[in-house]
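Commentary on secondary and tertiary structure
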Amino acid sequence: MGKNQLYDMVIIGGGPAGSTAAIYATRAGLTSVILEQMNIGGEIVATDRLDNYPGFPEGISGAEFGMLLQQQMDSLNVPVEFAQVESISLNGEIKEVAASTGVFKGKTILIATGTEPNLLGVEGETELLGRGVSYCATCDAAFFRGKAVGVVGGGDAALEETIFLSRFVEKAYLIHRRDQFRGCSWLQDKVLKLPNVEVLWNTTVNKIEGDKKVNALQIKQDGTDRRLEAEGIFIYTGRKPKTGFLEGTELERDERGFIITNGKMETSIAGVYAAGDIRKKYLRQVITAASDGAIAATAAAQNIYV
Ligand code: NAP
């Protein structure tokens, strides 16, 4: 691996989309490098279980899945550079990615940086981050053993993480602003059967209380203000694309910032591809991210070899 090397594909993000792209790029004879800020596997590593990926009838832990992906990168000799991408230059035939460890040049670029959590935007949220406020039950649930916590949201993430939390906490209040979940029905069924989970429908959080640590949540339930004693709050109010490094580029994105691609994962700029959750798409799952990565690398190989 060399920073002065010209790669066929510089892959930004080593989650399922970026890793799969590297597999397909390598097998198509392309040189590639993955720039990753944390770990191969990305967000999935912080997920308790991956239960809907084909070939794993018993499911697989996110951490193990990430480890297997890393092993696959090693066995294919895909270079992985652990670095933060700061900016990107997409004009011209050679694309340049400025990362914390140097500049990487590619004939093509794949953007596969995924998403990050939306903030709830209430008082106490940023002040008490890491002191009761969390966006990752899989990472932090053990700190709340035997305690009461709130979980905010009604999508797959809130449901899945409530199930995980229920194994640790004495009580989880699942706080949802409507009277119906958005998440899939099999997760709903599981959550609704848990004896230590109480769903608070038509409820919003107004304030997270606490001095050094969270000790209560101020909520509004069916129009009535209430105070809920809780030592933690896990927030799952959707996610936004991780695109800070794209500022100043003319890459076409939708109104929420997700990158627009065609079916070959080509973006509005020639030689620039996007794959996985960062893309405007119907279904954000590990399997669809992997599929995007495979398509992007295959399309890039076709373009390079033409
Ligand atoms: P999501 O599906 O967008 O759900 C976000 C939830 O937060 C919604 O229920 C929404 O309420 C609520 N919400 C949004 N803003 C809020 C606010 N300001 N105050 C209170 N509540 C608010 O997000 P997600 O659950 O993170 O999932 C993101 C994507 O990843 C989805 O495509 C999901 O299918 C996928 N995912 C899949 C799995 C899995 O398959 N196992 C696991 C995790 C995530 P409303 O319903 O009222 O809009």
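All figures in this text were calculated on a predicted structure; none of them were measured in a lab.

Let us look at unusual backbone geometry. For Asn-77, which is not glycine, the phi torsion reads 55 degrees and is therefore positive. As for its placement among the helices and strands, Asn-77 is situated in the loop between α2 (62–75) and β5 (80–82). One non-glycine residue, Met-265, lies in positive phi territory at about 70 degrees. Tracing the chain through its elements places Met-265 in the loop between β18 (239–241) and β19 (272–274). Judged by relative accessible area, Met-265 falls into the buried class, the value being 3%.

Looking at where Ala-21 falls in the secondary structure, it is placed in helix α1 (residues 16–27). Excluding residues that lie within four positions of it along the chain, Ala-21 makes contacts with Ile-11, Leu-110, Gly-293, Ala-294 and Ala-297.

All right, on to the domain arrangement of the protein then. Segmenting the protein into domains produces domain 1 (6–116 + 239–305) and domain 2 (119–235). A straight line from the C-alpha centre of domain 1 to that of domain 2 covers 31 Å. Across the interface of domain 1 and domain 2, roughly 470 Å² is buried in total on both sides, 50% from carbon and sulfur atoms. When the buried surface of domain 1 facing domain 2 is broken down by residue, Ala-46, Asp-48 and Asp-51 rank first, second and third, together holding 69% of it. At the junction of domain 1 and domain 2, the tally comes to one salt bridge. The partner of Asp-48 in a salt bridge is Arg-167, and the shortest N-O contact between them spans 3.2 Å. Taken together, the links from domain 1 to domain 2 amount to three residue pairs in polar contact (both at pLDDT 80 or more). The residue inventory of the side of domain 1 that touches domain 2, partitioned by class, reads one nonpolar, one polar and two charged.

Overall, the coordinates contain six aromatic pairs when judged by the stated rule. Taking 5.3 Å as the distance between ring centres and 75 degrees as the angle between the ring planes, the aromatic pair formed by Phe-144 and Phe-234 counts as edge-to-face. With Phe-144 in the loop between α3 (137–140) and β11 (148–152) and Phe-234 in strand β17 (residues 232–235), the pair connects residues that are 90 residues apart, well separated along the chain. With respect to class, Phe-144 is no different from Phe-234; both count as buried.

Moving on to the sheet that holds strand β14 (residues 203–210). With antiparallel pairing, three strands are arranged side by side in an open sheet as β14-β15-β16. Both edges of this open sheet fall to β14 and β16 (224–229), since each of them pairs with a single strand only. In this sheet, adjacent strand axes meet at a mean angle of 25 degrees when their direction is disregarded. Direction of pairing for β14 relative to strand β15 (residues 214–221): antiparallel, over a ladder of seven bridges. Counted as the bridge partner of Glu-209 is Ala-216 from β15.

We now examine the state of the cysteines. Summed over all chains, the structure comprises one disulfide. A disulfide-free cysteine, Cys-184 has its sulfur positioned 19 Å from the sulfur of Cys-136, the nearest such atom. Overall, the relative accessible area of 27% leaves Cys-184 in the partly exposed class.

What counts and how
- Residues numbered from 1 in each chain as written.
- Predicted model: local features only at pLDDT ≥ 70, side-chain atom pairs only at ≥ 80, totals over all residues.
- Heavy atoms only, no water.
- Helix = DSSP H or I, 4+ residues; strand = E, 2+ residues; numbered from the N terminus.
- Buried < 20%, exposed > 50% of the residue type's maximum accessible area, 1.4 Å probe, protein only.
- Contact = heavy atoms within 4.5 Å.
- Domains from an automatic or database assignment.
- Buried area = accessible area lost by both parts, 1.4 Å probe.
- Salt bridge = Lys/Arg side-chain N within 4 Å of Asp/Glu carboxyl O.
- Polar contact = N/O pair within 3.5 Å; in protein donor to acceptor, adjacent residues only side chain to side chain.
- Nonpolar A, V, L, I, M, F, W, Y, C, P; charged D, E, K, R; others polar.
- Phe/Tyr/Trp six-rings, centres within 6.5 Å; stacked < 30°, edge-to-face > 60°.
- Pairing = 2+ DSSP bridges.
- Axes fitted to C-alpha atoms, helices over the stretch in contact; angles between N-to-C directions.
- Disulfide = S-S within 2.5 Å.

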